[in-house]
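Structure assessment
Read off the chains here:
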Amino acid sequence: MEQFSQLLTQIATILARLGVPEAYLDSAALGVIYILATLVVLLLLAPVLFRRRQQPPVVAEQPEPQPQDEAVEETPTVAAEPVAPEISVEEVGELAEPELGEPAPIVEIPVPPAVEPEPVAKPFPEQLKPVAAPPSLFERMRSGLSKTSTSLVGRIDSLLRGRQVDEELLEELEEILITADLGMKTTQELMQSLNKRRARGEAQTPEALRTVLMEEMRLRLTLGASPLDLRQAKPMVLMVVGVNGVGKTTTIGKLANQFSNQGLKVLLGAGDTFRAAAADQLEVWGARAGVEVVRHAEGADPAAVAYDAAKAAVARKVDVMILDTAGRLHTKVNLMEEMKKIRRVLAREIPGAPHETLLVLDATTGQNALVQARMFKETVEISGLVLTKLDGTARGGIVVAIASELGIPVRYVGIGEGLEDLRPFEPELFVRALFGRE
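Values in this document were obtained by computation on a predicted structure and should not be read as measured data.

1. Description of the overall build of the protein
When helices and strands are counted, the protein shows 15 helices and 8 strands. Looking at the protein as a whole, 40% of its 438 residues are labelled buried. Restricting to contacts in the protein with at least 6 residues of sequence separation, those with at least 24 account for 75%. When the accessible surface of the protein is totalled, it reaches about 26,700 Å², and 56% of it is carbon and sulfur.

Here it is, written out as structure tokens:
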């Protein structure tokens with residue numbers, strides 16, 4: 001049993017290097033062992049099956065033909081009645097021929113009218129087959145936000161259908177916004193704005209109320225929003241923080257791939273030295289993106305990794321350095337203090353570093369993501385947010401709550417598992433995709 005556990009651990013480590021998420025390592029390792037056992041059984045049975053197929057079929061013996069006698073006995077001559085002489089085929093032909101000068105009779109055979117063949121449909125050439133255009137960014141964003149759109153906007157549209165805008169309707173709208181994880185504070189601010197605009201003569205009809213709600217959400221998402229400027233320093237240092245399981249390592253891999261495709265030289269620092277196989281997983285992402293990774297042994301000091309990564313970034317003249325960090329629980333004070341130590345080491349080696357500190361949040365956790373953001377902001381000076389797994393939750397309204405209550409710009413949002421599904425956040429596009437309007 002101990003040997004089986006060791007084998008299971010070794011296979012899990014290999015799978016982690018190949019990019020398998022930590023949550024699926026045990027089940028994936030068991031699946032590999034099952035497949036290997038099946039292959040061994042098949043290999044053992046293969047020789048037996050092969051010998052059976054090689055046995056020649058049994059064929060019934062055929063009797064040998066008896067040789068005929070070469071000599072033929074002469075039969076005695078018997079007198080018989082005279083028989084008419086035989087006529088050869090040539091003679092028959094001569095007799096059938098007409099006399100010279102007499103033409104042979106011509107038999108006319110009716111010829112059926114020519115029928116044109118029906119045209120055969122030729123297969124469409126492979127190179128001319130119509131190819132479906134790739135989905136636009138708006139369509140991908142709308143597809144990624146489909147669950148949130150159904151939960152939030154679908155309920156709002158059902159509420160507004162055939163109703164008058166009155167106090168009762170506004171109370172029901174407030175309840176929908178709260179249950180969609182916009183939070184109590186953000187919802188109250190939205191309702192106050194709606195009441196003020198309604199008092200000015202706006203939002204008098206259901207359609208006008210819907211439009212005003214879109215504008216107010218867009219306004220809160222736009223406040224403080226700005227694109228990530230990778231040219232503000234060289235090397236530009238990004239430190240990525242967040243609790244375990246939110247997708248930090250995957251986010252770093254996707255960012256490295258995007259930056260590399262833009263022609264930037266990228267270096268990764270494997271600062272998560274506590275989680276098993278975290279550095280191996282980051283190396284797999286680095287290999288996919290074609291970038292170098294600086295790492296230490298498991299259990300090493302994360303500040304030492306940050307120091308070596310900063311030294312390497314300066315020496316190799318990279319454009320962007322991304323430092324991974326261990327998944328800290330936002331309730332652990334000592335772990336937060338270690339995060340401050342990493343920041344001091346980076347600032348000492350590269351002036352102004354880290355230039356951006358991105359907090360990765362799992363959108364599926366709803367209001368808990370807002371709590372994490374508050375705690376990290378108090379300790380680590382968060383400059384931007386990355387919200388992952390928006391495609392797998394109906395709680396996408398948390399984006400509005402975080403941007404409105406904390407004033408931290410959302411830099412990226414994850415709307416799928418593909419490399420291109422980690423998108424720079426665009427408030428206008430987000431609101432249009434959420435409300436399903438072109």
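2. Some words on the side chain of Gln258
As for its placement among the helices and strands, Gln258 is situated in helix H9 (residues 248-261). In this structure the side chain of Gln258 is engaged in a polar contact, spanning 2.8 Å, whose partner is the backbone oxygen of Leu422. Discounting chain neighbours no more than four positions away, the residues touching Gln258 are Tyr412, Leu419 and Leu422.

3. Focus on the nonpolar core
Grouped together as the largest cluster of nonpolar side chains are 103 residues, with contacts concentrated most on Leu152, Leu177, Phe259, Ile322 and Leu346. Apart from the residues within four sequence positions on either side, Phe259 is in contact with Leu228, Leu230, Leu238, Leu264, Val266, Val320, Ile322 and Tyr412. In this structure, Leu15, Ala16, Leu25 and Ile33 belong to the second largest nonpolar core, which totals 9 residues.

4. Examining the layout of surface pockets
One number sums up the size of the largest pocket: a volume of about 840 Å³. Lining the largest pocket are 29 residues; nearest its centre among them are Pro21, Val246, Gly247, Thr250 and Lys389. For the lining of the largest pocket, the elements supplying multiple residues, two or more each, are H9 and helix H10 (278-289). A total of 5 residues in the lining of the largest pocket trace back to one element, the largest contributor, which is H9. Of the residues assigned to the lining of the largest pocket, the class counts are 7 nonpolar, 13 polar and 9 charged. What the second largest pocket holds in volume is close to 170 Å³. Taken together, Ala225, Ser226, Pro227, Leu228, Val410, Arg411, Tyr412, Pro424, Phe425, Glu426 and Pro427 form the lining of the second largest pocket. When residues of the lining of the second largest pocket are assigned to their parent elements, the largest contribution, 3 residues, is made by strand S7 (residues 410-414). In terms of residue class, the lining of the second largest pocket is built from 8 nonpolar, 1 polar and 2 charged.

5. As for the pairing of strand S1 (residues 236-241)
The buried fraction of S1 amounts to 6 of the 6 residues, a majority that puts the element mostly inside the structure. Alternating residues of S1 divide into Met236, Leu238 and Val240 and Val237, Met239 and Val241, and every residue in both groups is buried. Relative to strand S4 (residues 320-325), S1 runs parallel, the two sharing 5 bridges. Note that in S4 the partner of Met239 across the bridge is Leu323. In this sheet, strand S5 (residues 356-362) lies alongside S1 in parallel orientation, the contact comprising 4 bridges. In the sheet register, Met239 faces S5, and the bridge partner there is Thr357.

6. As for helix H15 (residues 427-435)
Taken across its 9 residues, H15 has 7 buried, putting it largely inside the fold. Where H15 is concerned, the buried positions are Pro427, Leu429, Phe430, Val431, Ala433, Leu434 and Phe435. The elements touched by buried residues of H15 are helix H4 (137-144), helix H5 (146-160), helix H8 (206-222) and helix H14 (398-406). Immediately beyond the C-terminal end of H15, within one or two residues, lies Gly436, with a positive phi of roughly 70°.

7. Overview of helix H6 (residues 167-182)
Inspection of H6 places Leu169, Leu170, Leu173, Ile176, Leu177, Ala180, Asp181 and Leu182 among the buried residues, and these make up the whole buried set. Along H6, the residues classed as buried sweep out an arc of 115° about the axis, all on the same side. The exposed residues of H6 that point more than 90 degrees off its buried face are Glu168, Glu171 and Glu175. Those residues of H6 hidden inside the fold are in contact with H5, helix H7 (184-199), H8, helix H13 (367-380) and H14. In the stretch just after H6, Gly183 is the one whose phi turns positive, near 85°.

8. Points about the sheet that holds strand S3 (residues 292-294)
What the 8 strands build is an open sheet, ordered S3-S2-S4-S1-S5-S6-S7-S8; its pairing is mixed. Either end of the sheet is taken by a strand with one partner, and the two such strands are S3 and strand S8 (422-424). Taking each pair of neighbouring strands and ignoring which way they run, the sheet shows an average axis angle of 25°. Strand direction decides the pairing type here: S7 and S8, joined by 3 bridges, are antiparallel. Looking at S8, one finds that Gly414 is bridged to Leu422. Packing against the sheet, H9 makes contact with S1, strand S2 (266-271), S4, S5, strand S6 (384-388), S7 and S8, and its axis sits at approximately 170° to S4. The sheet strands contacting H14 are S5, S6 and S7, and the helix crosses S6 at an angle near 170°.

9. Regarding the packing of H4 against H15
Two quantities define a packed helix pair, namely the angle between the helix axes and the distance between the axes. Two numbers describe how H4 lies on H15: the axes approach to 8 Å, and their chain directions differ by 60°. By the angle class used here, H4 and H15 are oblique. For H4 against H15, the interelement crossing comes out right-handed. Contacts between H4 and H15 pair Leu137, Phe138, Met141 and Arg142 from the former with Leu429, Arg432 and Ala433 from the latter. Partitioned by chemical class, the residues of the contact of H4 with H15 number 5 nonpolar, no polar and 2 charged.

What counts and what doesn't
Each residue is numbered by its place in its chain's sequence as written, counting from 1. Side-chain atom pairs in this predicted model are given and counted only at pLDDT of 80 or more, local residue features only at pLDDT of at least 70, and totals for whole chains, interfaces and linings cover all residues. Excluded from the side-chain calculation are hydrogens and water; included are all heavy atoms of the structure. Runs of E in the DSSP output that reach at least two residues are strands. Runs of H or I that reach at least four are helices, and both are numbered from the N terminus. Between buried and exposed lies partly exposed: a residue is buried under 20% and exposed over 50% of the maximum accessible area for its type, with that area taken using a 1.4 Å probe on protein chains only. Here a residue-residue contact requires only that any non-hydrogen atoms of the pair lie within 4.5 Å. Methods summary: accessible areas were calculated by the Shrake-Rupley approach with a probe of 1.4 Å, and residue burial reflects only the protein chains presented. Residues adjacent in sequence count toward polar contacts only when both atoms are side-chain atoms; beyond that, a polar contact is any pair of N or O atoms within 3.5 Å, and within protein one must be able to donate a hydrogen and the other to accept it. We define the nonpolar core as a collection of buried residues of types Ala, Val, Leu, Ile, Met, Phe, Trp, Tyr and Cys that are connected through side-chain atoms lying within 4.5 Å of one another. For each structure, a 1 Å grid was placed over the protein atoms alone; sets of points admitting a 1.4 Å probe that cannot get out are labelled cavities, open sets with protein on both sides within 12 Å along at least five of seven lines are labelled pockets, and lining residues have an atom within 4 Å of a point. Grid points are joined across faces, edges and corners, and a volume is the space filled by probe spheres set on the points. Any residue that is not Ala, Val, Leu, Ile, Met, Phe, Trp, Tyr, Cys, Pro, Asp, Glu, Lys or Arg is counted as polar, Gly included; the first ten are nonpolar and the last four charged. For two strands to be treated as a pair, DSSP must find no fewer than two bridges joining them. To obtain the arc, one takes the directions from the helix axis to the C-beta atoms. Helix axes are fitted to C-alpha atoms over the stretch in contact, other axes to C-alpha atoms as well, and angles between N-to-C directions run from 0 to 180 degrees. Reported orientations rely on four angle classes, namely roughly parallel under 35 degrees, roughly antiparallel over 145, roughly perpendicular from 65 to 115, and oblique for the rest. Each crossing gets its hand from how the near helix is turned against the far one by less than a right angle, where anticlockwise is left-handed and clockwise is right-handed.

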